[in-house]
Amino acid sequence: MEQKKREYLFDNYKVLLIVLVVIGHFIEPCYDQNPFLYELKWGIVAFHMPAFIFISGYFSKKNPSIKKLIGGLVIPYFVYEIIYYLLYTLILDKDTELYFTRPKFSLWYLMALFVWRLAAPLVRKVPYHMILSLGAGLLIGLVGLGNFLSIPRIVFFFPFFLAGMEFDSSWLAKFRNREGYIGALAMLGTLAVFLFTDEYHHRLSVKIFYGRYSYGGLGLGTLEGILIRMACYAISFLLIYLFMLVLPSEKKSYSYLGERTMAVYIFHGLIYSCLKYGSSILASVESMGESLLLIVFCLALVWIVSRKPFVLLTNKIAHMV
């Protein structure tokens, strides 16, 4: 049987996204102290998790077995929750409890993946499921559930997962050419200029892209919240497809990192927690020079926690059953 050709476009895409995930987290305590980091934060949250979820959906076209879902997502979720709890309480002296129904830090993604992979095959049988999922994503903003079972995030981001499942990479063929590349770059450049010159988004919180908070919790009225969330969906989907047209589709020296994103995702969070709750170094970043040093540190951290020992450990935890 012929082995399916690896799609390096998505490996390269995942490398970009995991770098943005790490940078986005590490600038969280200080992004509002520096205009560059402030706009960078907005640019990152506008598409990095939607794109990651889209790609997760793209590679989830086969219906998974319950055993595989439990072994690959449920058990790791409980293991990492316990690790975070021990880190917070024994080392960082942070006041917390072992809330399995309220995921710590970035572990909501494991819970969400379990639900999406379980629910998507059933939801896709429903007529107009994409429209309905988008509607649900808008309506969930009316409810203040907080972080309980990651329900708001699961519902808000579900359309991106479904879109990834529906997507066929062959659709890119007629757009991945010189004209498409230049056009996509021009649009990305225009959006970047708009981001750094627009004043309206300064009145809002970057949390409008998080999917976790209700409209009321963000200080928005119902109609304004729904309209802003619709704009968030449009911007995120646009950015997802634009980057597909400009990222390389051939194997690069860094492409292998795209296979190791789970290790980076898990371990960078532990290191971030240590720096955030164990020191004031991240909150003290203010100048442009300090900002650039922090970004360089994030790049180095991605490389470090993508090494084989970290990858082997996460793989071992994901294959405990």
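Everything below is about the structure shown above.
A few points on the structure. As the structure is a prediction and not an experimental result, all values here were calculated from the model.

The rules behind the values
Along each chain, the written sequence defines residue order, and numbers are assigned to residues from 1. The model is predicted, so local features are restricted to residues of pLDDT at least 70 and side-chain atom pairs to those at 80 or more, both for listing and for counting; the totals for chains, interfaces and linings are taken over all residues. The side-chain values count all of the structure's non-hydrogen atoms but skip hydrogen atoms and water molecules. Labels follow the DSSP assignment, with helices taken as runs of H or I lasting at least four residues and strands as runs of E lasting at least two, numbered in each case from the N terminus. For a compact globule the rule gives 2.2 Å times the number of residues to the power 0.38, and the radius of gyration it is set against comes from C-alpha atoms. Only protein chains enter the accessibility calculation, which uses a 1.4 Å probe. A residue is then buried if its area is under 20% of the maximum for its type, exposed if over 50%, and partly exposed in between. Contacts between residues were defined by any pair of non-hydrogen atoms, one from each residue, lying within 4.5 Å. Only the protein chains shown count as cover for residues, and all accessible areas are computed by the Shrake-Rupley method using a 1.4 Å probe. In this tally, Asp and Glu contribute negative charge and Lys and Arg positive charge; neither His nor the terminal groups of the chain are included. One atom stands in for each charge, and that atom is NZ of Lys, CZ of Arg, CG of Asp or CD of Glu. By nonpolar core we mean a set of buried residues, namely Ala, Val, Leu, Ile, Met, Phe, Trp, Tyr and Cys, connected to one another through side-chain atoms within 4.5 Å.

Section: the overall build of the protein chain
Then, number 1: Check the secondary structure of the protein chain and you find 12 helices and 0 strands.
Then, number 2: Seen in sequence order, the protein chain has helices and strands lined up from the N terminus as α-α-α-α-α-α-α-α-α-α-α-α.
Then, number 3: The C-alpha atoms of the protein chain give 19 Å as radius of gyration, which agrees with the globular expectation for 321 residues (20 Å, within 12%).
Then, number 4: Residues counted as buried form 47% of the 321 residues belonging to the protein chain.
Then, number 5: Relative to all contacts within the protein chain whose residues are 6 or more apart in sequence, the contacts with residues 24 or more apart total 81%.
Then, number 6: Put simply, the protein chain shows about 16,300 Å² of open surface, and 67% of that area lies on carbon and sulfur atoms.
Then, number 7: When the 30 positive and 20 negative side-chain charges of the protein chain are each reduced to one mean point, those points stand 10 Å apart.

Topic: the side chain of Asp 11
Then, number 1: Assignment of secondary structure puts Asp 11 in helix 1 (residues 8-26).
Then, number 2: Apart from residues no more than four positions distant in its own chain, Asp 11 is found in contact with Arg 6, Ser 255, Gly 258 and Glu 259.

A few points about the side chain of Arg 260
Then, number 1: Secondary-structure assignment places Arg 260 in the loop between helix 9 (222-246) and helix 10 (261-278).
Then, number 2: In this view, Arg 260 contacts Ser 306, Arg 307, Lys 308 and Val 311; residues no more than four positions away in its chain are not counted.

Examining the nonpolar core
Then, number 1: Ranked by internal contacts, the top residues of the largest apolar core, which has 95 residues, are Tyr 13, Trp 108, Tyr 109, Trp 116 and Ile 208.
Then, number 2: Setting aside chain neighbours within four positions, we find Trp 116 in contact with Ile 53, Trp 108, Tyr 109, Pro 121, Arg 153, Ile 154, Phe 157, Phe 158 and Phe 161.

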